[in-house]
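Overview (structure and organization)
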Amino acid sequence: MSEESDVDSGVEAMRIGAMHHNFNQIVGFHNHVHGFFNSNLAGSQTDGNLSQKEKTLLKLEYESHLPNQLRKSVFLMMFGHLEEHLFLSWCDHGRILEEKNDRADGIKKFKKLFVNLKVDLLTDQNYQLIVDAYKIRNAIIHTAGRIDFIKKPEELEGIVDKHNKYYEIRNKRVYVTSEGIFHFNSAVAEFTEKVSRAARRK
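These figures come from a predicted structure and were not determined experimentally. (Residues numbered from 1 in each chain as written. Predicted model: local features only at pLDDT ≥ 70, side-chain atom pairs only at ≥ 80, totals over all residues. Heavy atoms only, no water.)

1. What about the packing of aromatic side chains?
For any pair of aromatic rings, the description consists of the separation of the ring centres together with the inter-plane angle of the planes. The tally for this structure, following the rule as stated, stands at 12 aromatic pairs. With a centroid separation of 4.7 Å and 65 degrees between ring planes, the pair formed by F79 and Y134 is classed as edge-to-face. Here Y134 lies in helix α5 (residues 125-143) and F79 lies in helix α2 (residues 52-93), a separation of 55 residues in the sequence. Just as F79 is buried, Y134 falls in that class too. Pairing F79 with F184 gives two aromatic rings, centres 5.0 Å apart and planes at 40 degrees, and the pair type is tilted. Note that F79 is positioned in helix α2 and F184 in helix α7 (residues 178-201), a separation of 105 residues in sequence. With relative accessibility at 3%, the residue F79 sits in the buried group. Members of the aromatic cluster, connected to one another through ring pairs, are F75, F79, Y134, Y167 and F184. The residue whose ring lies beneath R137 is F79, and the NZ or CZ to ring-centre distance is 5.7 Å. R170 extends its terminal NZ or CZ atom over the ring of Y175, reaching a point 4.2 Å from the ring centre. (Phe/Tyr/Trp six-rings, centres within 6.5 Å; stacked < 30°, edge-to-face > 60°. Helix = DSSP H or I, 4+ residues; strand = E, 2+ residues; numbered from the N terminus. Buried < 20%, exposed > 50% of the residue type's maximum accessible area, 1.4 Å probe, protein only. Lys NZ or Arg CZ within 6 Å of the ring centre and 35° of its normal.)

Have a look at this one:
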């Protein structure tokens, strides 16, 4: 192996290592804050200065509302890191202007890159999961998760039915589950690494 190849391999390893580190940091943030919620919940329920009504309200906050907000925030953060690392792969491939699709949104704007790298999008389960996740993301951003405010509510309901361990609908709003957070993180990391390695080889 040549010295140049050794350098390229080292750069690739550093890039992929940084990518995994970023995604692991996001999950670590989720786990750390969720642990804080659990600690505060336990303390609130034994606090003699609080009324039973206050304890009940805090229990609802720490068991439901705050964890939901945390999962939503972490879910949205992952998209930024996903697109950043896909953009870096674009730079490695060196054909941004040729492959860029300004009409497409989300991960689909990188579709020409994936095709040129010969990533089989039809059979890649991680890609399909990410495409569906973008639709959940859009509902969260644009309608606060309200499925009755979006143009195609049946499409979103179909995604939730298909990935019922990762998303759920309550009171006409879509929510991301804890399992959904960890599975999405894994899918994004695996797909991003595949694209990054393919881009460096071209």
